[in-house]
Amino acid sequence: MNLNAVKAIYRYEMARFGRTLLQSFISPVISTSLYFVVFGAAIGSRIEEVDGVTYGAFIVPGLIMLSIMTQATTNASFAIYFPKFIGTIYEQLSAPVNFLEITLGYVGAAATKALFIGVVILLTAALFVDLQIQNWPAMMAFMVLTCISFSLLGFIIGIWASNFEQLQLIPLLVITPLVFLGGSFYSVSMLPPVWQTITLFNPVIYLISGFRWSFFGMSDVPVGLSLLAIAGFTLLCMYTIYWIFRTGWRLRQ
Amino acid sequence: MTEEPIVRVRDLVKTYKTGFMALNGVSLDIRKGEIIALLGPNGAGKTTLISTICGIAVQTSGSVTVGGHDTRQDYRAARSLIGLVPQEISLEPFEKVVNTVRFSRGLFGLPPDDAYLDDLLRQLSLHDKRDQKVVTLSGGMKRRVLIAKALSHEPQVLFLDEPTAGVDVELRKDMWEIVARLRAAGTTIILTTHYIEEAEAIADRIAVINKGEILLVEDKTALMTRMGQKELRIELAEPVDAIPESLAPYGLDRAPDGRALLYRYESTGERTGITRLLNDIQAAGLHMSDLQTRQSSLEEIFVGLVTPGASGKAAE
Ligand SMILES: Nc1ncnc2c1ncn2[C@@H]1O[C@H](COP(=O)(O)OP(=O)(O)OP(=O)(O)O)[C@@H](O)[C@H]1O
Ligand SMILES: [Mg+2]
């Protein structure tokens, strides 16, 4: 195992993050605050409680998920797309590293950034609503796993993309809609029965539901199923990356 | 030299996805500690050969070993020995010089060693630039940063893909000096170039590649004497308007001012014909005032090799 390579990639990526720390910090704080003003205060005041939780508190897990999923995907895809774009990827390709080391470095850094933003949002949210987290370890586990699995997805997108449009396509066209329709701002039980069934095919629902369970102890789908879904998704992404590096797809000429 | 070659390329074929065959069965042994120049016109396959050895491109067939390690089966060991300076300057613009060099060292699996890197930057006259962003450097300095990155992990084999393309004369001399120092320290160097004078100045051996095939690999001096043509310049006391009829068989050229005759011959030929020529010139009533000989340069040899009409010579 080339641990020095993992460290080198991780440090290099985190240094890039450090240069824009203020930006990375301020934008989630502002957008979260906006969500609370609009959804929490304006709309939330007209909605009673959802499953015994105030609406303002109810949307917190969904908000965090929305941000960390998009952040993780965007960060990781950009991190590997950029060297491809400017040509510095020659170095990673000619270095004595295997797929696991490259992935650990890039995905580790992207996941760390996303986690940082998730925590910032959580803290901001705590200023607006009275948050009670029932199961801290489960909450952290869901957050970390989501950061990792979506960074893996982003990494694949970054390798696949051959231009900037493609780089933004999946986050914009797939992730954001899935998260919005995945019960971030409502409980699945609030939907008509047909839509409840359709929603079950949205993978994101399992993540948000499990995450919400760790906050409030209630969920749309069983927690075990949520964990299974996210573990399966992570493994699928890992295998895809392994395959990419074995065949050199989109990387090696 | 019975020592194992440090790089051994066997029957290497590379066909790109476009269907273009850029390497057509290349075999080449590179000796430990030598400087070998890969000479060839644009599109000959020089960069493709380097990319395939370094792992950036995957060969269609054939094999490469570096330090005895197969570059596919045992890529970790093989790649650890290699440093690569690519043809295109590709660097992250907003990163500090020292950070990109540190990154390269780590990527190749070595623990941080700022003392070594400082020394390296100093040798490449980059030390005062170590905390500057890459974007603020000139083109020549960026190329040095690429060299620093390639050397950051103390490689045994260094590939320089056109290190002096677009570099001014002074910097080119600097670059040659750097190469000479590395060689003295025992690094094996493979460089590609279009400048024949460059190969002539610094290489121990020369490989000529064209259309994905190696046309020849030979010691530079041996190559130059074996294939070198010599030119004899005969200065005349009085100018002539035309070459006398009796000298026609020698294929002489007349200098534009008519004050000299030029005679070309193979320096290694059994008979150079010089004695007979000089006798015949005297017999024709011309007075010689001076004689000069000149060895043809590698450039002329090279042009002779890669131009189709002269390919008979390449086949030895
Ligand atoms: N990725 C690629 N896909 C398809 N064809 C390629 C690719 N890279 C190079 N080629 C082709 O392979 C041939 C050899 O290219 P290569 O870059 O190895 O030449 P070179 O000898 O380095 O030339 P130069 O002196 O211009 O750098 C060229 O005809 C080129 O067009
Ligand atoms: Mg080239």
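Residues numbered from 1 in each chain as written. Chains lettered and ligands numbered in written order. Predicted model: local features only at pLDDT ≥ 70, side-chain atom pairs only at ≥ 80, totals over all residues. Heavy atoms only, no water.

Chemist: Can you help me understand the overall build of chain A in this one?
Modeler: Of regular secondary structure, chain A possesses ten helices and two strands. Going from N to C terminus, chain A has its helices and strands arranged as α-α-β-β-α-α-α-α-α-α-α-α. In terms of overall dimensions, chain A is globule-like: its C-alpha atoms have a radius of gyration of 19 Å, near the 18 Å expected for 253 residues. Along the longest, intermediate and shortest principal axes, the C-alpha atoms of chain A span 60 × 40 × 35 Å. Across the 253 residues in chain A, those meeting the buried criterion constitute 53%. (Helix = DSSP H or I, 4+ residues; strand = E, 2+ residues; numbered from the N terminus. Rg over C-alpha atoms; globule rule 2.2 N^0.38 Å. Buried < 20%, exposed > 50% of the residue type's maximum accessible area, 1.4 Å probe, protein only.)

Chemist: Teacher, can you tell me more about the coordination of the magnesium ion (ligand 2) here?
Modeler: Around a metal, the ideal angle is 109.5 degrees if four donors adopt a tetrahedral arrangement and 90 or 180 degrees if six donors adopt an octahedral arrangement. All names here are of chain B. The magnesium ion (ligand 2) binds to the protein through Thr-47 (OG1) and Gln-87 (OE1); the donor distances cover 1.9 to 2.1 Å. Taken together, the residues Thr-47 in helix α1 (residues 46-54) and Gln-87 in the loop between β6 (82-85) and α3 (97-107) connect sequence positions 40 residues apart. Owing to a relative accessible area of 31%, Thr-47 belongs among the partly exposed residues under this scheme. (Donors = N, O, S within 2.8 Å, 3.2 Å for Na, K, Ca; no water.)

Chemist: Is there a simple way to explain the sheet that holds strand β1 (residues 7-15) of chain B in this structure?
Modeler: The strands that make up a sheet pair up through hydrogen bonds in the backbone, lying either parallel or antiparallel. Residues and elements named next belong to chain B. With antiparallel pairing, the four strands of this open sheet are ordered in space as β2-β1-β4-β5. Edge strands, defined here as strands with exactly one partner in the open sheet, are β2 (21-30) and β5 (69-70). Two strands pair when backbone bridges link them, and strand β4 (residues 61-66) and β5 are joined in this way by two bridges, in the antiparallel orientation. When the sheet's bridge partners are listed, Val-66 is paired in β5 with His-69. (Pairing = 2+ DSSP bridges.)

Chemist: Looking at this model, I keep getting lost on the packing of aromatic side chains. Mind explaining?
Modeler: The relative placement of two aromatic rings is captured by the distance of their centres and the angle of their planes. All names here are of chain A. Counted under the stated rule, the structure contains 20 aromatic pairs over all chains. For the pair Tyr-81 and Phe-85, a centre-to-centre distance of 5.9 Å together with 20° between the ring planes defines the contact as stacked. With a gap of four residues between them, Tyr-81 and Phe-85 both fall in helix α3 (residues 55-86), about one helical turn apart. By way of ring pairs, the aromatic residues Phe-17, Phe-25 and Phe-116 are connected into one cluster. Geometry around Phe-58 places Arg-212 over its ring, the cationic atom sitting 3.8 Å from the centre. (Phe/Tyr/Trp six-rings, centres within 6.5 Å; stacked < 30°, edge-to-face > 60°. Lys NZ or Arg CZ within 6 Å of the ring centre and 35° of its normal.)

Chemist: Just checking my understanding: could you explain the packing of α3(A) against helix α7 (residues 164-180) of chain A for this structure?
Modeler: The geometry of a pair of packed helices is captured by two quantities: the angle between their axes and the separation between those axes. Residues and elements named next belong to chain A. Between α3 and α7, the least distance of the axes is 10 Å, while the angle of their chain directions is 170°. Considered as vectors, α3 and α7 are oriented roughly antiparallel to each other. When you trace α3 past α7, the crossing you get is right-handed. Between α3, through Leu-66, Met-69, Thr-70, Thr-73, Ser-77, Phe-78, Tyr-81 and Phe-85, and α7, the contact on the second element is made entirely by Phe-164, Leu-167, Pro-171, Ile-175, Thr-176, Val-179 and Phe-180. A breakdown of the residues in the contact of α3 with α7 according to their chemical character gives eleven nonpolar, four polar and no charged. (Axes fitted to C-alpha atoms, helices over the stretch in contact; angles between N-to-C directions. Parallel < 35°, antiparallel > 145°, perpendicular 65-115°, else oblique. Left-handed = near helix turned anticlockwise from the far one by under 90°. Contact = heavy atoms within 4.5 Å. Nonpolar A, V, L, I, M, F, W, Y, C, P; charged D, E, K, R; others polar.)

Chemist: Looking at this structure, how should I read the domain arrangement of chain B?
Modeler: One frequent convention defines the size of an interface as the accessible area lost when the parts assemble. Partitioning chain B into structural domains gives domain 1 (7-224) and domain 2 (229-295). A C-alpha centroid distance of 45 Å is found between domain 1 of chain B and domain 2 of chain B. (Domains from an automatic or database assignment.)

Chemist: Please clarify how the side chain of Thr88(A) should be interpreted in this entry.
Modeler: Note on placement: Thr88(A) falls in the loop between α3 and α4 (89-94). Residue Thr88(A) is classed as buried on the basis of its relative accessible area, which comes to 11%. The contact partners of Thr88(A), leaving out residues within four places of it in the chain, are Pro83(A), Ser90(B), Leu91(B) and Glu92(B).

Chemist: Honestly, the pairing of strand β7 (residues 157-161) of chain B in this entry has me stumped. Any pointers?
Modeler: A regular strand places its side chains on the two faces of the sheet in alternate fashion. All names here are of chain B. Burial of β7 is extensive: five of the five residues sit out of reach of the surface. With burial as the criterion, each face of β7 is covered, one bearing Val-157, Phe-159 and Asp-161 and the other bearing Leu-158 and Leu-160. Across four bridges, β6 lies against β7 in parallel orientation. Residue pairing for β7: Leu-84 is matched across the bridge by Phe-159. Handedness of the β7-helix α6 (residues 169-184)-strand β8 (residues 188-193) crossover: right-handed. (Right-handed = clockwise from strand over helix to strand, strands pointing away.)

Chemist: Which parts of the structure should I look at to understand the environment of Leu28(B)?
Modeler: Along the chain, Leu28(B) falls in strand β2. Placed 20 residues apart in sequence, Leu28(B) and Arg8(B) show a C-alpha to C-alpha distance of 6.0 Å.

Chemist: Help me out: how do you make sense of the sheet that holds strand β11 (residues 229-236) of chain B in this one?
Modeler: Residues and elements named next belong to chain B. Across the sheet, which stays open at both edges, the four strands sit in the order β12-β13-β11-β14 with antiparallel pairing between neighbours. Where the open sheet ends on each side, the last strands, each with one partner, are β12 (253-254) and β14 (288-295). As defined by bridge partners, β11 adjoins β14 across seven bridges and the pair is classed as antiparallel. Bridge pairing in β14 places Leu-236 opposite Met-288.

Chemist: Please explain the side chain of Ser151(A) as it appears in this structure.
Modeler: Residues and elements named next belong to chain A. Along the chain, Ser-151 turns up in helix α6 (residues 136-160). Polar side-chain contacts of Ser-151 include one of 3.3 Å to the backbone nitrogen of Ala-111. Separated by 2.7 Å, the side chain of Ser-151 and the backbone oxygen of Cys-147 make a polar contact. Excluding residues within four positions of it along the chain, Ser-151 makes contact with Ala-72, Ala-76, Val-107, Ala-110 and Ala-111. (Polar contact = N/O pair within 3.5 Å; in protein donor to acceptor, adjacent residues only side chain to side chain.)

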